[in-house]
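# A closer look at the structure
Below, each chain spelled out in residue letters.
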Amino acid sequence: QVQLEESGGGLVQAGGSLRLSCAASGFTISGTGMGWFRQAQGKEREFVAVLSANGMLRDLADSVKGRFTISRDNAKNTVYLQMNSLKPEDTALYYCATLRTWYSGRSSPRSYDYWGQGTQVTVSS
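Residues numbered from 1 in each chain as written. Predicted model: local features only at pLDDT ≥ 70, side-chain atom pairs only at ≥ 80, totals over all residues. Heavy atoms only, no water.

### Focus: the sheet that holds strand β3 (residues 18-25)
- With antiparallel pairing, four strands are arranged side by side in an open sheet as β1-β3-β8-β7. Whereas interior strands pair on both sides, the edge strands pair on one side only; in this sheet they are β1 (3-7) and β7 (68-73). Averaged over all pairs of adjacent strands, the angle between strand axes in this sheet comes to 15°, irrespective of strand direction.
- In this sheet, β3 lies alongside β1 in antiparallel orientation, the contact comprising five bridges. Paired with leucine 4 across the two strands is alanine 24, which belongs to β3. (Pairing = 2+ DSSP bridges. Helix = DSSP H or I, 4+ residues; strand = E, 2+ residues; numbered from the N terminus. Axes fitted to C-alpha atoms, helices over the stretch in contact; angles between N-to-C directions.)

### Side note on the packing of aromatic side chains
- Applying the stated rule across the entire model yields five aromatic pairs.
- Between phenylalanine 37 and phenylalanine 47, the aromatic rings sit 5.8 Å apart at their centres with planes inclined by 75°, giving edge-to-face as the arrangement. One end of the pair, phenylalanine 37, is in strand β4 (residues 33-39); the other, phenylalanine 47, is in strand β5 (residues 46-51), with 10 residues separating them in the sequence.
- Overall, phenylalanine 37 belongs to the buried group, its relative accessible area being 0%.
- Its relative accessible area of 11% is what places phenylalanine 47 among the buried residues.
- Relative to tryptophan 115, the ring of tyrosine 112 lies with its centre 6.0 Å away and its plane at 55°, an arrangement referred to as tilted.
- Overall, tyrosine 112 belongs to the buried group, its relative accessible area being 4%.
- Overall, the relative accessible area of 24% leaves tryptophan 115 in the partly exposed class.
- Among the aromatic side chains, those forming a connected cluster through ring pairs are Phe37, Phe47, Tyr95, Tyr112 and Trp115.
- Its guanidinium or amino end placed over the ring of tyrosine 95, arginine 45 lies 3.9 Å from that ring's centre, counting from NZ or CZ. (Phe/Tyr/Trp six-rings, centres within 6.5 Å; stacked < 30°, edge-to-face > 60°. Buried < 20%, exposed > 50% of the residue type's maximum accessible area, 1.4 Å probe, protein only. Lys NZ or Arg CZ within 6 Å of the ring centre and 35° of its normal.)

### Re the pattern of salt bridges
- One pass over the structure, following the stated rule, counts six salt bridges.
- Linking arginine 38 and glutamate 46 is a salt bridge whose minimum nitrogen-to-oxygen distance equals 2.6 Å.
- Note on arginine 38: relative accessible area 5%, which makes it buried.
- A relative accessible area of 36% places glutamate 46 in the partly exposed class.
- For the salt bridge of aspartate 90 with arginine 38, the shortest nitrogen-to-oxygen distance reads 2.8 Å. Pair noted here: aspartate 90 is in the loop between β8 (78-83) and β9 (92-99) and arginine 38 is in strand β4, with a separation of 52 residues, a long-range link.
- Residue classification places aspartate 90 among the buried residues on the basis of a relative accessible area of 0%.
- Connected through salt bridges with shared partners, the residues Arg38, Glu46, Arg67 and Asp90 form a single ionic network. (Salt bridge = Lys/Arg side-chain N within 4 Å of Asp/Glu carboxyl O.)

In structure tokens, the structure reads:
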């Protein structure tokens, strides 16, 4: 049974940092593309970052480039999202998800199969 559990969210001041974790079970992340999305209140879910199945390719939304980094620890079967220089507009519920294929629509939620429950990030000004 595939399960994803996000953690690491919280309240932080603008300019601060957080590291989100996505612990996976029921499958091996080393052979699976993994992505992060976020959804602010009243807005659609939006792409943040994705890591390819082999761990060699990364893609990030323009709004987070230079501030966020996606990585993984195969031994822990966990994917991370390091978020630096946080801004109030980064406030959202953050989700991790499993990517179906790298080469088609990897920034669309429809390309992802399994989702976690999310972890809340709130950035105060």
